[in-house]
Amino acid sequence: MHHKLFTTLLCILPLYTANALELQINAAANTTNAGNQGTSSLGTLTCSTPVADNSAATAPGQIQQFTISNIDVNNNGGNNDNVIITFRITGSGNVQTNTSGSGWLSPGSNALSNNGQSLTISFESIQVNLDGGTNNGSASFQGFSAVTMGNWDNASDTATINGQQFTYNNIVNETLTLSNQNQNSLTFSYQTASGDSGSWRPLGTHFSINIESNDQPPHVTKFSSNDLAINPGQTITLSWQVENADSVTISPDIGDVTWLTQNGVGSTTVTLTEATTFTLTATNSDGETTHDAPIHLRPSKPNIIVFLIDDWGTEDCSVNFNLDANHSPIPQIDPTTVGLPAFTQTNNHFHTPTLEKLAASGTIFTRAYVSPMCSPTRVTFMTGQNTARHKTTNYLGGGGKSFNIKSRPNLELTAPNRTIAEVLRDAGYRTMIVGKGHIGDENLDSNHYKEPAANPADDFYGFQINVAATGKGQHRNCYSNASPAFNINGSSASEDAFVAEYQNKTYADIDPQKYANEPWKDEPLYVTEALTLEINERIEDAVKLGKPFFAYFSHYATHQPHQIDPRFQNNPKYAGLSGNILDLATMVEGVDQSTADVIAKLESLGVADDTLIVFFGDNGSEADPRPGDNPTTLGMSNPLRGQKGHRHEGGTRVPFIVSWAQLNATNTHQVAFPIQAGNKQHDIIAAQDIFPTLCAAANVPLPNTDDAGQPLTIDGHNLAGYLAGTPGSHRPQQLLIHSPTPHAHDFFTILHQGPWKLIYNYNSSVESNKVEQALGSYELFHLTDDPYEADNRASASSPNYNPTRLMQMARELIAEIDRHGGEHPFLINQDPALAALGLPAQANDPHPIILPLLPGIDSDADDLDDNQEDPNRNGKVDNGETDPNNQNTDGDSTPDGAESKLGTDPLDPSSAFHSSTTLTPQGALSLTWPSLPSTSFTIRSSPDLIDWSNIITTGISAEDAATSTSFPLPAPNAAQCFYRVELE
């Protein structure tokens, strides 16, 4: 390790390791007083008063003396150590010549590195070459006052090492033998001849000192357990590998295991009842080395990994998610056969064997829904809330306008939001995000790359560890040799650390043995592999701490740019592929290999059966070739229509797998939270369901207040019933997807009800986003009968036109937005179409969802059309309007339509339809009731209020120009008789 100390004093701090000690100084004595070079406060390297002064030189030539102390150069009689002192220039601008050259270079361009820049001192001898060469220019440096050195070329040039003096002997590279073989410190001084006019060398600009040990103490290559988390009474295997060890012991209790060690390798078993840290000690004559192996009791909560893949559609892997209710594949089709534009691209060449195994060991959901863009899905997963509620409806940084509407400000995840990471952190989990953030900017200046911040308030939305996440989205390059590595959009302290660690690294740099025979070993590291290495390291850290972990592995793949992953480009499955689709295929396989590598790490740590995996995509595929501006093209998810950003299924339906990383029927976590292997579920689920499902798996209660103490609503539902294979539906089969913002498809909202799907386009036609339709347009599909979304049953031209379902779902869509507190886009200018409906229509007024104009549709069967009851078509019951979903708005037992015909007030329960009786002068009864002209009535009688079959008369016309009608009743033919007046 190099410790860089930036100070005006020449000072170093020694760092001892088993094999080497390296020390580096990045600044040196540079005082204005040539007679006082300063003294190190640490006392390990002393800058003392010059022993000579070359006052005849054109530059102030001070002789620098320094001492390295408290270093056991020969390890108390062990093998010899080497001390290496290297001088080098700091670069142009710090030191200038008075010739046309700059820095350390002369006009002849001879660098010091080619002219003997190093001094090596060892136990027996010293190799000296202090001559900077004769071709570096003889002029002194300007603008720099520092200790300098002349050439080693004069009989008066001397070097003193530990009091032993050496004099120049006509040998430039000279070996000097030391007489004292037991020193434990090193003092070196160098004095040039008085008047030496050679090229001056600034000793204090930049040099390093390395002390390399030639001792051979024992080395522990490995000391580990086959299981780091155990149940009481469990037997584990400890294994080790050592080098140069004469004896090996393990404590506590085990003792000497030298006899179990063959060729440096050994193992033993031990049964534990409690957490224990074992220490292995390897010893030889040069010293001893220890290594710890902590073993923890198995955490009471399962580990959780959520894999979120960017732009990952249902056809972007070799697991088939496009199944019908009978588990049969939905056929991929030629879209022209169902009236859609031609598009022939298919995704059936992708290769994801790890996901196939996960699907076989767990549950897949074939109707898993997300937002059509990344940030809304990510915030929904983090909060368990629908986009309409949390109001992140576009990717962070997105927004804009279309025709006369513009999107509202797009909210990011804010501090008061209660995230799943915070909930699990507060329940004892080590929480980590690795990869893409794109949810907000909280605490990005805090470096959580390796270790958590001391204060949880400094976490990244509840994540104690942050590897590479920023407030922005995509990377701009997949390779480590980009400038900077991977060219990640946005910045954070943790992202800076990630980039610095992998800048320009190749596979061979990472693991030269593992990749020694790979043809791509010298290729720059791919971003997917770099993230995988980091999450595996952080998972191991958590396991070694004995803590359950929640890892959110947020891949940058398969977002654009699509660039080839060199590890997979020669897969025979991709024969015939080229260009972008080959690039994407290798990216997909890279994600699959990453998943395999993470599971392998879990297995090596012994925690695979304790770890729950959730795997899904953030929106539909964005594989090329793109369909251009045509919104009806099937895109890349055939048989699903559309892709990322689209309102059709290919934009919002994604792969979704939940499985234990390793099946174990006796594992307590799996017993408590069972997942049926090979299970296929076809109900509607959504990203918001992950939050409550993870809380259930961790046995953590759902929060009911946010971080500001305000009441909190979680919109998601626990999916445990589906995962266990319990028959029936375990969440409502209704789902709102609210996207009132521009993207590939602009300004739309979706409502799912079982197999039915309704789409409202705020101000464009069904056929094209580029055709304005001020009051919006509707699409209605039955996904069981029409998985391709080719038959729009909201269109009167459809053979399956269903205006009743259209109106019912349109009203429910509006109600769902209101229930979630959703918002609508703003008007840019005054809107005449809205004004004509009597709705707010000025600039910056909201553009609401407008109900379709459907004469004859009477949802509540009250004899009033829905459009009559809601004349402004905003889907709400405004003042003066009756409720189209309630036959009797005022609850007075008379339907709204009847009251309108009778002249009573359907909004006033006291203004009800009722009859009264009077006696005529002839002694007969007469019935009188409220009426309006042009209405007619029937009168029935009953002896018991049950049987109303007896009709007294029909067709009684209302009296003209009157508000009531009367009718004389015939004499009853029974002891009691009841009468009823019916509006015809």
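Residues numbered from 1 in each chain as written. Predicted model: local features only at pLDDT ≥ 70, side-chain atom pairs only at ≥ 80, totals over all residues. Heavy atoms only, no water.

Going by an unreviewed UniProt entry, the protein chain carries the name Sulfatase-like hydrolase/transferase and comes from Rubritalea tangerina. Turning to the protein chain, the UniProt annotation filed under Cofactor (unreviewed entry) states: "Ca(2+)". According to the UniProt record, the Sequence similarities (unreviewed entry) comment for the protein chain reads "Belongs to the sulfatase family." (UniProt positions renumbered as here; feature names shortened; annotations may be inferred.)

Draft legend 1. Up close: the overall build of the protein chain. In terms of regular secondary structure, the protein chain is built from 16 helices and 45 strands. Considering the protein chain as a whole, with its 984 residues, one finds that 55% of them fall into the buried category. For the protein chain, long-range pairs separated by at least 24 residues make up 65% of all intrachain contacts whose partners lie at least 6 apart in sequence. Accessible area of the protein chain: about 39,200 Å², with a carbon and sulfur share of 48%. (Helix = DSSP H or I, 4+ residues; strand = E, 2+ residues; numbered from the N terminus. Buried < 20%, exposed > 50% of the residue type's maximum accessible area, 1.4 Å probe, protein only. Contact = heavy atoms within 4.5 Å. Areas by Shrake-Rupley, 256 points an atom, 1.4 Å probe, with all protein chains shown as cover.)

Draft legend 2. Structural detail: helix α2 (residues 374–383). Burial runs high along α2: 10 of the 10 residues are buried. Listed as buried for α2 are C374, S375, P376, T377, R378, V379, T380, F381, M382 and T383. Backbone geometry just downstream of α2 places G384 in the positive-phi region, at approximately 75°.

Draft legend 3. Geometry of the packing of aromatic side chains. All told, the structure shown has 20 aromatic pairs when counted by the stated rule. Relative to W520, the ring of Y507 lies with its centre 5.0 Å away and its plane at 70°, an arrangement referred to as edge-to-face. A residue pair is termed long-range when its members are at least 10 positions apart, and Y507 in helix α6 (residues 507–510) and W520 in the loop between α6 and α7 (527–544) qualify at 13 residues. Note on Y507: relative accessible area 0%, which makes it buried. Judged by relative accessible area, which is 11%, W520 ranks as buried. Centroid distance Y760 to Y762: 5.1 Å. Interplanar angle 70°. Geometry classified as edge-to-face. Overall, Y762 belongs to the buried group, its relative accessible area being 0%. Of note, R538 hangs over the ring of Y449, and the distance from its end group to the ring centre comes to 4.7 Å. Here the guanidinium or amino end of R980 rests over the ring plane of W948, the centre of that ring lying 4.6 Å away. (Phe/Tyr/Trp six-rings, centres within 6.5 Å; stacked < 30°, edge-to-face > 60°. Lys NZ or Arg CZ within 6 Å of the ring centre and 35° of its normal.)

Draft legend 4. Fine view of the nonpolar core. F223, F278, L280, F498, I539, F549 and L602 are the most contacted members of the largest nonpolar core, which totals 85 residues. With 11 residues, the top contributor of residues to this core is helix α8 (residues 579–605). Once you skip the residues sitting within four places of it in the chain, L280 turns out to touch V220, F223, W240, V242, V248, T249, I250, T289, T290 and H291. (Core = buried A, V, L, I, M, F, W, Y, C linked by side-chain atoms within 4.5 Å.)

Draft legend 5. Summary view of the sheet that holds strand β16 (residues 219–225). Spatially, β16-β18-β21 is the arrangement adopted by the three strands of the open sheet, whose pairing is antiparallel. Of all the strands in the sheet, the pair left with one neighbour each is β16 and β21 (265–272). Strand-to-strand twist across the sheet, computed as the mean angle between neighbouring axes with direction ignored, equals 20°. Strand direction decides the pairing type here: β16 and strand β18 (residues 234–243), joined by six bridges, are antiparallel. In the sheet register, K222 faces β18, and the bridge partner there is Q241. (Pairing = 2+ DSSP bridges. Axes fitted to C-alpha atoms, helices over the stretch in contact; angles between N-to-C directions.)

Draft legend 6. Fine view of the side chain of S371. Residue placement: S371 occurs in the loop between β25 (363–369) and α2. When neighbours within four sequence positions are excluded, S371 is seen to be in contact with P376, T377, T387, D618, N619, G651, T652 and I737.

Draft legend 7. Focus on the pattern of salt bridges. Applying the stated criterion across every chain yields a total of 37 salt bridges. Here R378 makes a salt bridge to D310, at a shortest N to O gap of 3.7 Å. With R378 in helix α2 and D310 in the loop between β24 (303–309) and α1 (353–361), the pair connects residues that are 68 residues apart, well separated along the chain. Residues R378 and D310 agree in their burial class; the two are buried. (Salt bridge = Lys/Arg side-chain N within 4 Å of Asp/Glu carboxyl O.)

Draft legend 8. Looking closely at α8. Given a rise of 1.5 Å per residue, 27 residues ought to cover 39 Å, and the 39 Å separating the end C-alpha atoms of α8 matches this to within 8%. In terms of residue burial, α8 counts as a mostly covered element, since 19 of its 27 residues are buried. Where α8 terminates, the next one or two residues include G606, which has phi positive at roughly 75°. (Expected span 1.5 Å × (residues − 1).)

Draft legend 9. Highlighting the sheet that holds strand β44 (residues 964–968). Pairing in this open sheet of three strands is antiparallel, and the strands run β40-β41-β44 from one edge to the other. At either end of the open sheet lies a strand with only one pairing partner, and these are β40 (916–919) and β44. Each adjacent strand pair in this sheet contributes to an overall mean axis angle of 25°, direction not counted. As paired elements, strand β41 (residues 925–930) and β44 share five bridges and run antiparallel to each other. Opposite L927, over in β44, you have F967 as the bridge partner.

Draft legend 10. Spatial organisation of unusual backbone geometry. The residue after A557, namely T558, is reached through a cis peptide bond having omega 5°. With respect to the helices and strands, the residue T558 is situated in the loop between β30 (549–554) and α8. Here the bond from N638 into P639 is cis, since omega is 20°, no more than 30 degrees from zero. Inspection of the secondary structure assignment puts P639 in the loop between β31 (611–617) and α9 (649–652).

Draft legend 11. Quick peek at the pairing of strand β42 (residues 936–942). β42 sits mainly inside the fold: five of its seven residues count as buried. Judged from the five bridges that link them, β42 and strand β43 (residues 950–957) form a sheet pairing that is antiparallel. What sits directly across from F937, in β43, is I956. Pairing between β42 and strand β45 (residues 978–983): six bridges, direction antiparallel. Paired with R940 across the bridge in β45 is R980.

Draft legend 12. Spatial organisation of the packing of helix α5 (residues 493–502) against α7. In the contact formed by α5 and α7, the axes pass within 11 Å of each other and the chain directions differ by 110°. Viewed along their axes, α5 and α7 adopt a mutual orientation that is roughly perpendicular. Where α5 crosses over α7, the two elements pack in a sense that is right-handed. Across the interface between the two elements, F498, E501 and Y502 from α5 touch A530, L531, L533 and E534 from α7. Tallied by class, the residues present in the contact of α5 with α7 amount to five nonpolar, no polar and two charged. (Parallel < 35°, antiparallel > 145°, perpendicular 65-115°, else oblique. Left-handed = near helix turned anticlockwise from the far one by under 90°. Nonpolar A, V, L, I, M, F, W, Y, C, P; charged D, E, K, R; others polar.)

Draft legend 13. Structural detail: the packing of α1 against α8. Interhelical geometry of α1 versus α8 gives an angle of 60° and a closest axis separation of 7 Å. Viewed along their axes, α1 and α8 adopt a mutual orientation that is oblique. Contacts from P353, T354, L355 and L358 in α1 reach D592, T595, A596 and I599 in α8. Looking at side-chain class alone, the contact of α1 with α8 contains five nonpolar, two polar and one charged residues.

Draft legend 14. Fine view of the confidence of the model for the protein chain. Per-residue pLDDT for the protein chain has a mean of 80; in total, 77% of the residues score no lower than 70. Taken as a whole, residues 192–214 scores under 50 in pLDDT and shows 124 contacts with residues more than four places along the chain or in a different chain. Predicted confidence for residues 626–633 stays below pLDDT 50, and this span has 23 contacts to residues more than four positions away or in other chains. (pLDDT = per-residue confidence, 0-100.)

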